[in-house]
Amino acid sequence: MHYVVRLPQTGGVGGEIWGHLANTNPLLRRLDSDPSATFTVMGPTAYVPSYFSEEPRGVPTSYYSWGQFSVEVALVREVPGLLEILGAMLARFQPEGRHPPMDPAEPYWQGMLGAITGVRLRIVDAQSRFKYGQNKPVRVRRLIVDALRRRALAQDDAAAAQVLVHLPPDGSDAPPSA
């Protein structure tokens, strides 16, 4: 499922995750009877061999991220609400446009609107973990980024990008203090 996350300024709790499911999805029957659910997302994962860090006692590890959200589900079947969700998704995933106007009378949307149910997941609890070597000096993290990019397995480049995103903004070469 592609989804759009809308978070308040204070963090994840109280935010919403929007998306849609096909009306044929059996999950909808369960959500009709019990609107409590768990929504889990995973980020890029990469195994980091001990020798990637060039440290004498490098420890093999995995880099990964995940988020798990306890949510209350509101099912959206009315056309205005579906168009709002689809509009948010198009803005996020297709910002270049190139789709018909968001008008329920538009033939493009008519079949689709009858085939999906929107979901608004209100976040009531959130847990997450981002493990991309933040405990290592910047110099070592950059070595690991280079090694991941050279190895080039399926998620290595995305994991390397996450390592770079988590570098200290001041460019210091010391790991953060505990």
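Each value, and the rule that gives it
Residues numbered from 1 in each chain as written. Predicted model: local features only at pLDDT ≥ 70, side-chain atom pairs only at ≥ 80, totals over all residues. Heavy atoms only, no water. Buried < 20%, exposed > 50% of the residue type's maximum accessible area, 1.4 Å probe, protein only. Helix = DSSP H or I, 4+ residues; strand = E, 2+ residues; numbered from the N terminus. Arc of directions from axis to C-beta. Contact = heavy atoms within 4.5 Å. Polar contact = N/O pair within 3.5 Å; in protein donor to acceptor, adjacent residues only side chain to side chain.

Considerations on helix H5 (residues 156–165)
Next up, step 1: Every buried residue of H5 is listed here: Asp156, Ala159, Ala160 and Val163. Each buried residue of H5 sits inside an arc of 100 degrees when the element is viewed along its axis, so together they form one side.
Next up, step 2: Those residues of H5 hidden inside the fold are in contact with strand S4 (46–48), strand S5 (61–76) and helix H4 (138–151).

Let's talk about the side chain of lysine 131
Next up, step 1: By secondary structure assignment, the location of lysine 131 is in strand S6 (residues 116–131).
Next up, step 2: A polar contact is formed between the side chain of lysine 131 and the side chain of threonine 61, at a distance of 2.3 Å.
Next up, step 3: Of note is the side chain of lysine 131, whose polar atom sits 2.7 Å from the backbone oxygen of serine 62.
Next up, step 4: Setting aside residues no more than four positions away along its own chain, lysine 131 makes contact with Thr61, Ser62, Tyr63 and Tyr64.

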